[in-house]
Amino acid sequence: MFSHSLISHIPIDMVQYVHYYKGGKIMAIFSDIFKALRKDKQLTQEQVAEVFGVSPQAISRWENATSYPDITQLPNIASYFDTSVDELLGIKKKKKKQK
């Protein structure tokens with residue numbers, strides 16, 4: 001499963017935030033998480049492009065947040081990087097309160 005500590009390896013000035021959730025929680029954008037996962041596997045944009053059947057330019061656009069993969073590809077991307085779609089999108093589930 002995706003380690004949230006992986007995000008901590010992204011330099012703070014590189015991390016972009018786009019959406020606030022109720023309670024002030026922040027979601028890191030897909031592009032930063034995707035790029036960190038790719039680099040963690042020591043893969044080039046060309047190698048990842050071949051895996052997902054897209055151009056290297058498409059991968060570059062995903063990583064630069066100028067475009068995003070088709071929503072139907074998210075499960076495949078998450079599976080390839082051994083994570084969930086929620087984690088790929090930076091969504092943290094709320095912990096249930098114990099009684």
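Refer to the structure printed above.
Rules behind the numbers
- Residues numbered from 1 in each chain as written.
- Predicted model: local features only at pLDDT ≥ 70, side-chain atom pairs only at ≥ 80, totals over all residues.
- Heavy atoms only, no water.
- Axes fitted to C-alpha atoms, helices over the stretch in contact; angles between N-to-C directions.
- Helix = DSSP H or I, 4+ residues; strand = E, 2+ residues; numbered from the N terminus.
- Parallel < 35°, antiparallel > 145°, perpendicular 65-115°, else oblique.
- Contact = heavy atoms within 4.5 Å.
- Nonpolar A, V, L, I, M, F, W, Y, C, P; charged D, E, K, R; others polar.
- Salt bridge = Lys/Arg side-chain N within 4 Å of Asp/Glu carboxyl O.
- Buried < 20%, exposed > 50% of the residue type's maximum accessible area, 1.4 Å probe, protein only.

Undergrad: Even after reading the chapter, I still don't get the packing of helix H2 (residues 45-52) against helix H3 (residues 56-63), so can you show me in this structure?
TA: Put simply, H2 and H3 touch, their axes get as near as 8 Å, and they point 105 degrees apart. With respect to their mutual orientation, H2 and H3 come out roughly perpendicular. Residue-level inspection shows Gln45, Glu46, Val48 and Ala49 of H2 in contact with H3, the latter providing Pro56, Ile59, Ser60 and Glu63. A per-class count over the contact of H2 with H3 returns four nonpolar, two polar and two charged.

Undergrad: Would you take a moment to explain the pattern of salt bridges for this structure?
TA: Any two side chains of opposite charge can pair, on the condition that their charged atoms come close. Counted by the stated rule, this structure contains one salt bridge. In this structure, the salt-bridge partner of Glu63 is Arg38, at a minimum N-O distance of 2.5 Å. In this pair, Glu63 sits in helix H3 while Arg38 sits in helix H1 (residues 30-40), placing the two residues 25 residues apart along the sequence. Grouping residues by exposure puts Glu63 and Arg38 together as buried.

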